[in-house]
Amino acid sequence: LVLYHGEAFRIIDLSKRHGLERAYYRKTHRQYARLHTLAQLVIYNSLMLQRDYTDKYGPAAKQSVAYNCAVCDKSDYVPGDGMNITYFGNLGVGRSDTLLQVARVLGRIDPALRLDVYGNAAAEDEKRFHACGNLRYHGFVDAQQLSGIVEKSDILLHVESFDAAIVPKLRYAFSTKIAQCMCAGRCFVCFAPAESASGQYLAQIDGAVLVSDEGALEEILSAVIADPALRQDYARKAVKTGLENHHMQTTAQRIRKEIEEIL
């Protein structure tokens, strides 16, 4: 029996659940506890998830972390004359507000700067994007187009919501985009709460610019935008981390070996 966890479904705080929902989670916790003891291998998609499952249920017979993966096939980053700052991916769960916040900060740094956003936005968010002078909303693009866009980017941006109502719900969410950005070999800037799984992971490695303090965003962005050598250094760090932690073939081979060892 091999288990894989990509979410915190079985480490929910029962004190915040009530009535039938609480009874349901209490029963499924007991069922999972038994399943956990039977598993010969438990795989998690982040170290934070593994730590908190282990705290609640104890260590499994064997456990492993398999981060989200991507293909590392982009060219080396060479700074050019322009400044292309790109966000692509999910625009839900409060990320639109954070992107608008970043765009306003870019406007204070230099009115000519633009944040290019790719993805499917809700109608109301699309209106807000178009009303923001320092944000260009392009909508959805296919994988081939996106590959070319990433190649031309100087900075790849990832954001999470800082809304107090949303942050606890997304604490364990580990974005698939982290792997894509690391493997892209571009300067990767993440603006996210420090307590999130993504934030904790990026704080532990040396491959990204993590901003978790809203008051420091302008200063840090200014430094990265003004210094081509700094961007190039972070681009090299990103692809190094991508190859070590997120490379699709390497991760697949490791997990296959771990499964073969228990057969």
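Provided above is the structure to which this section pertains.
Residues numbered from 1 in each chain as written. Predicted model: local features only at pLDDT ≥ 70, side-chain atom pairs only at ≥ 80, totals over all residues. Heavy atoms only, no water.

Okay, the packing of helix H6 (residues 177-184) against helix H9 (residues 228-246) next. At a minimum axis separation of 6 Å, H6 and H9 run at an interaxial angle of 125 degrees. Between H6 and H9, the angle is such that the two are oblique. The element H6 and its partner H9 pack so that their crossing is left-handed. Only Ala238, Val239, Thr241, Gly242 and His246 of H9 make contact with H6, whose side of the interface consists of Ile178, Ala179, Met182 and Cys183. (Axes fitted to C-alpha atoms, helices over the stretch in contact; angles between N-to-C directions. Helix = DSSP H or I, 4+ residues; strand = E, 2+ residues; numbered from the N terminus. Parallel < 35°, antiparallel > 145°, perpendicular 65-115°, else oblique. Left-handed = near helix turned anticlockwise from the far one by under 90°. Contact = heavy atoms within 4.5 Å.)

When a strand is regular, its side chains alternate between the sheet's two faces. Taking burial as the measure, the 5 residues of strand S8 (residues 187-191) include 5 buried ones, the bulk of the element. A two-sided burial pattern is seen for S8, the buried positions comprising Cys187, Val189 and Phe191 on one face and Phe188 and Cys190 on the other. Strand direction decides the pairing type here: strand S7 (residues 155-159) and S8, joined by 5 bridges, are parallel. In the strand pairing of S8, leucine 156 is matched with phenylalanine 188. Tracing the backbone out of S7, into H6 and back to the parallel element S8 gives a crossover that is right-handed. The pairing of S8 with strand S9 (residues 209-211) spans 3 bridges and is parallel. If you follow phenylalanine 191 over to S9, its bridge partner there is valine 211. Of the crossover connections in this fold, the one passing from S8 over helix H7 (residues 197-204) to the parallel S9 is right-handed. (Buried < 20%, exposed > 50% of the residue type's maximum accessible area, 1.4 Å probe, protein only. Pairing = 2+ DSSP bridges. Right-handed = clockwise from strand over helix to strand, strands pointing away.)

Here we take up the side chain of arginine 95. When you line up the elements, arginine 95 lands in helix H3 (residues 95-109). Among the polar contacts listed, one links the side chain of arginine 95 to the side chain of glutamate 160, at a separation of 2.9 Å. Filtering out sequence-adjacent residues up to four positions away, arginine 95 remains in contact with Tyr87, Asn90, His158, Val159, Glu160 and Ser175. (Polar contact = N/O pair within 3.5 Å; in protein donor to acceptor, adjacent residues only side chain to side chain.)

For the rest of this paragraph, the subject is the packing of helix H8 (residues 217-226) against H9. The N-to-C vectors of H8 and H9 enclose an angle of 95 degrees; their axes lie 5 Å apart at closest approach. By the angle between their axes, H8 is roughly perpendicular relative to H9. Between H8 and H9, the residues in contact are Ala223, Val224, Ile225 and Ala226 and Pro228, Leu230 and Arg231, respectively. Across the contact of H8 with H9, the residue classes break down as 6 nonpolar, no polar and 1 charged. (Nonpolar A, V, L, I, M, F, W, Y, C, P; charged D, E, K, R; others polar.)

Here we come to the sheet that holds S7. If you trace the 6 strands from one edge of the open sheet to the other, you get S6-S5-S4-S7-S8-S9, paired in parallel fashion. Whereas interior strands pair on both sides, the edge strands pair on one side only; in this sheet they are strand S6 (135-139) and S9. Ignoring which end each strand starts from, the neighbouring axes of this sheet average 25 degrees apart.

These values are about where atoms sit, not about what they do.
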